[in-house]
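Single-letter residue listing:
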Amino acid sequence: MQEDPGNETESFLQHVDGKDGDNMELDTLQDILVTPRASYRTAEYDLRDFDDDAEHLSDGSAALLGSGGRTRGNERILSGTGRVWSQVGSIVVECAPTLLMTTISLLFTGELLDRVSRWRAMRTIDELIMIVPVVLNLKGNLEMNLSARMGTAANMGELDDRSAQRKIVGGNLALLQVQATVVAFVAACVAMLLGLFVPQLYSGPVDPFPQNSTLLLTARVPRPPPSLGGKPKSGLIEFTMVASSTMMSACLASIALGSFMCFLVIMCRRYGRDPDNITPPIASCLGDLVTLSLLGVISSILINVVNTPIPLICVALTILSATFCVFLVRRNSSVKDLIYQGWVPLFGAMVISCATGIVLDMFASRYKGFPLLAIVISGLPGSVGSIFVSRLSTALHAASANASLHKNEPSPKLVMVTLIVITIPIEILFLFTLHAFGWLKLPIIFAILSVLFFCCAVCISLVVARLLTNFLWSKDLDPDTYALPIHSALMDLVGQLLLVLCFEIVSLLGTNL
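Cut-off values and rules
- Residues numbered from 1 in each chain as written.
- Predicted model: local features only at pLDDT ≥ 70, side-chain atom pairs only at ≥ 80, totals over all residues.
- Heavy atoms only, no water.
- Helix = DSSP H or I, 4+ residues; strand = E, 2+ residues; numbered from the N terminus.
- Buried < 20%, exposed > 50% of the residue type's maximum accessible area, 1.4 Å probe, protein only.
- Contact = heavy atoms within 4.5 Å.
- Areas by Shrake-Rupley, 256 points an atom, 1.4 Å probe, with all protein chains shown as cover.
- Expected span 1.5 Å × (residues − 1).
- Polar contact = N/O pair within 3.5 Å; in protein donor to acceptor, adjacent residues only side chain to side chain.
- Salt bridge = Lys/Arg side-chain N within 4 Å of Asp/Glu carboxyl O.
- Core = buried A, V, L, I, M, F, W, Y, C linked by side-chain atoms within 4.5 Å.
- pLDDT = per-residue confidence, 0-100.
- 1 Å grid on protein atoms, 1.4 Å probe; cavity = no way out; pocket = protein on both sides within 12 Å on 5 of 7 lines; lining within 4 Å.
- Points joined across faces, edges and corners; volume = space filled by probe spheres on them.
- Nonpolar A, V, L, I, M, F, W, Y, C, P; charged D, E, K, R; others polar.
- Axes fitted to C-alpha atoms, helices over the stretch in contact; angles between N-to-C directions.
- Left-handed = near helix turned anticlockwise from the far one by under 90°.
- Phe/Tyr/Trp six-rings, centres within 6.5 Å; stacked < 30°, edge-to-face > 60°.
- Parallel < 35°, antiparallel > 145°, perpendicular 65-115°, else oblique.

Participant: Please explain the overall build of the chain as it appears in this structure.
Facilitator: Counting its regular elements, the chain contains 14 helices and 2 strands. Within the chain, the fraction of its 513 residues that count as buried is 52%. Partitioning the intrachain contacts of the chain with sequence separation of at least 6 by distance along the chain shows that 85% fall at a separation of at least 24. Accessible surface for the chain amounts to roughly 24,000 Å². Of this, 66% is attributable to carbon and sulfur atoms.

Take a look at the structure:
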């Protein structure tokens, strides 16, 4: 006769209870079954914390609300208020130093740009100074895309296996070389076209003891165009010089920065930190600083051999190197499809940056301190948005992969509020630094309004980041590739427009700036 299943279960439980030495808690057993590494813990999915975001489950935001995937960084799962504060604390600890370093780096980049613009190569060939904003925008977007892709791969656990790690890192570095070469060549072409239509620049006498050298770029004034019978402004020699300097600096910067970013992501994964909170702002700020430094050094070397075949040889060698990298990318299954993707947002961002340059050109000389303030009111909200885009993209990829682990991500609203709270002290510290060192005298009404408009820029950045990421995902486009260039360029434009509005309001109130 068949034994009753209920009696069989009861008998089994009695048998287990009788063995105190072998007794095992169910929670511990669950951790052993689902946790691949001891350093990553999981938790139960708690719907109660996310009732206010339930309406977003259909647009991709559900991926942030406790969907399947690996535990992100050190955001460990506790209970109640302790869990929430643990998540907030993790974001603050990882994001605040990164954003502060980004702000400092932006200031150094502005100072470096002023000094490099006085070097012989920049003064001899105007197209070299024209190419700086274009190549920095395009090149910075490449590094941010790389950091976003690597952050997603790390949080998905794809970098835990050594062989897969070497394949992904090697493929992304080769892809970065191809993208950097193409971007640098396009930037050189854009600079030469601008050189045909924009009046040549004239640099006045250099003040050996500048009070605020970051603002001296606004003192460059146009000089009359050459006579009809004179030498043309742009020719083959100038183009070869610009192309060789730009392509070599972009490729060398890609090797250095790409390797560093991959190493940083791997270290973040190893020590339980979330690369999405750390790497995008670092990629953006270091990309500008390193690329500009290399551009200045290489152009200063090549200007001494500008009338020889050496610049042309440098261009040919760079193209050959990129061609070899194309073959490596096409043989790498993890990145071979990416070589055809992402070009539209890159060059679309370049067009938006041209509009930003027009705004800067119109108002830089009208308002004292505009270029210096524009660095932070444009750059810092963009960096905050890049963090949010990377977090959203990682969560969306984790949800689509139907991973077996459950992670209890903080609500998008909680992340947005936390990022806003982090950036406000950084902006206030920046304004205080300008005032303390005498770089810029700010009336109290202007300081208050600038902080208010800065908060508006950060809020717009986060909202645009969320809407853009969800929209791209709904169109089957990878946010890691498409979102960051467009978002970065839009925030540069929005930030400067808000700064113009701030100056206009203060002027209407009768305050002298």
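From this point on, the discussion continues.
Participant: What exactly am I supposed to notice about helix H8 (residues 275-302) here?
Facilitator: Each turn of an α-helix holds 3.6 residues, which means side chains three or four residues apart point in the same direction. Over its 28 residues, H8 runs 38 Å from end to end, which matches the ideal 40 Å to within 8%, given 1.5 Å per residue. For H8, the capping residue at the N-terminal end is Asp274, with a side-chain oxygen 3.1 Å from the backbone nitrogen of Asp276.

Participant: Please clarify how the pattern of salt bridges should be interpreted in this entry.
Facilitator: Opposite charge on two side chains permits them to pair, given that their charged atoms come into close proximity. All told, the structure shown has 3 salt bridges when counted by the stated rule. Across the salt bridge formed by Asp160 and Arg269, the nearest N and O atoms sit 3.0 Å from each other. Pair noted here: Asp160 is in the loop between helix H5 (126-155) and helix H6 (162-197) and Arg269 is in helix H7 (residues 236-270), with a separation of 109 residues, a long-range link. We classify Asp160 as partly exposed; its relative accessible area is 25%. Judged by relative accessible area, Arg269 falls into the buried class, the value being 5%.

Participant: What should I look at first to understand the nonpolar core in this one?
Facilitator: Burial of nonpolar side chains together is a common tendency in soluble globular proteins. Membership of the largest hydrophobic core comes to 114 residues, with the highest contact counts inside it found for Met150, Leu159, Leu373, Phe388, Leu419 and Leu462. The greatest single-element share of this core, amounting to 16 residues, is contributed by H5. Residues contacting Phe388, with those up to four places away along its chain left out, are Pro412, Val415, Met416, Leu419, Leu462, Ala465 and Arg466. Leu175, Cys325, Val329 and Ile339 belong to the second largest nonpolar core, which has 8 residues in total.

Participant: Help me understand the environment of Phe185 in this model?
Facilitator: On the secondary structure map, Phe185 appears in helix H6. By relative accessible area, which is 37% here, Phe185 ends up partly exposed. Linking Phe185 and Ser244, residues 59 residues apart in sequence, is a C-alpha distance of 8.7 Å. Sequence-distant contacts of Phe185, defined by excluding residues within four places in its chain, comprise Phe239 and Met247.

Participant: What should I look at first to understand the confidence of the model for the chain in this one?
Facilitator: For any part of a model where pLDDT is low, the fine detail of the predicted coordinates should not be relied upon. In this model, the chain carries a mean pLDDT of 74, and residues with pLDDT of at least 70 account for 73%. Low pLDDT, under 50, characterises residues 74-80; the predicted model gives this stretch 24 contacts beyond four residues in sequence or across chains. Low pLDDT, under 50, characterises residues 200-232; the stretch is placed with 44 contacts to residues that sit more than four places away or in other chains.

Participant: Looking at this structure, how should I read the side chain of Thr181?
Facilitator: One can find Thr181 in helix H6. Those residues in contact with Thr181, other than ones at most four positions away along the chain, are Met247, Cys251, Thr318 and Ala322.

Participant: What am I meant to see in the layout of surface pockets here?
Facilitator: If a probe as big as a water molecule is rolled over the atoms, it shows which places are left empty. Considering only enclosed or pocket space, the second largest pocket measures out at about 500 Å³ in volume. Considering the residues around the second largest pocket, the lining is formed by 21 residues, among which Arg149, Ser334, Leu338, His397 and Asp478 are closest to the centre. Those elements that place two or more of their residues in the lining of the second largest pocket are H5 and H6. Here the lining of the second largest pocket is composed, by residue class, of 8 nonpolar, 6 polar and 7 charged.

Participant: What's the story with unusual backbone geometry in this structure? I'm lost.
Facilitator: What you tend to see is this: most non-glycine residues have negative phi, and most peptide bonds are trans. Phi at Asp476 takes a positive value of approximately 60°, unusual for a residue other than glycine. Here Asp476 lies in the loop between helix H13 (444-474) and helix H14 (479-508).

Participant: In this structure, what is going on with the packing of H5 against H8? I would like to understand it.
Facilitator: In a packed pair of helices, the relevant descriptors are the angle between the two axes and the axis-to-axis distance. It is the contact of H5 with H8, at a shortest axis distance of 8 Å, that shows an interaxial angle of 145°. In this structure, H5 crosses over H8, and the sense of that crossing is right-handed. Residues Leu128, Ile131, Val132, Leu136, Lys139, Glu143, Met144, Ser147, Gly151, Thr152, Ala154 and Asn155 of H5 touch H8, and the partners they reach there are Pro275, Asp276, Thr279, Pro280, Ala283, Ser284, Asp288, Thr291, Leu292, Leu295 and Ser299.

Participant: What is the right way to look at the environment of Ala355 in this model?
Facilitator: Structurally, Ala355 is set in helix H10 (residues 343-363). Sequence spacing of Ala355 and Leu490 is 135 residues, and the spatial spacing of their C-alpha atoms is 9.9 Å.

Participant: Just to check I follow, could you spell out the packing of aromatic side chains for this structure?
Facilitator: To describe a pair of aromatic rings, one takes the distance between the centres and the angle between the planes. All told, the structure shown has 3 aromatic pairs when counted by the stated rule. Geometrically, the ring pair formed by Phe185 and Phe239 is edge-to-face, given 6.0 Å between the ring centres and 85° between the ring planes. A residue pair is termed long-range when its members are at least 10 positions apart, and Phe185 in helix H6 and Phe239 in helix H7 qualify at 54 residues. Here Phe239 falls in the partly exposed class, since its relative accessible area comes to 22%. Ring centres of Trp343 and Phe347 lie 6.2 Å apart, and the angle between their planes is 15°; on these two criteria the pair is classed as stacked. Residue Trp343 and its partner Phe347 are both found in helix H10; the two are separated by 4 residues, about one turn of the helix.

Participant: Looking at this model, I keep getting lost on the side chain of Thr240. Mind explaining?
Facilitator: Residue position: Thr240 is located in helix H7. Overall, the relative accessible area of 14% leaves Thr240 in the buried class.

Participant: Is there a simple way to explain the environment of Asn137 in this structure?
Facilitator: By the element assignment, Asn137 lies in helix H5. In this structure Asn137 comes out as buried when scored by relative accessible area, which is 11%. Residues Asn137 and Val183, spaced 46 residues apart in sequence, show a C-alpha to C-alpha distance of 10.0 Å. Look past the residues within four positions of Asn137 in its chain and what remains in contact with it is Ala349, Met350, Ser353 and Asp492.

Participant: Sorry, what's going on with the packing of helix H12 (residues 412-436) against H13 here?
Facilitator: Across the interface, H12 lies against H13 with an axial gap of 10 Å and an inter-helix angle of 150°. If you check the angle between H12 and H13, you find them roughly antiparallel. In this structure, H12 meets H13 at a crossing whose hand is right-handed. When H12 is examined against H13, the residues Pro412, Lys413, Met416, Leu419, Ile420, Thr423, Ile424, Glu427, Ile428 and Leu431 are found in contact with a partner set consisting of Ala447, Ser450, Val451, Phe454, Cys455, Val458, Cys459, Leu462, Val463 and Arg466. Here the residues of the contact of H12 with H13 are counted per class, giving 15 nonpolar, 2 polar and 3 charged.

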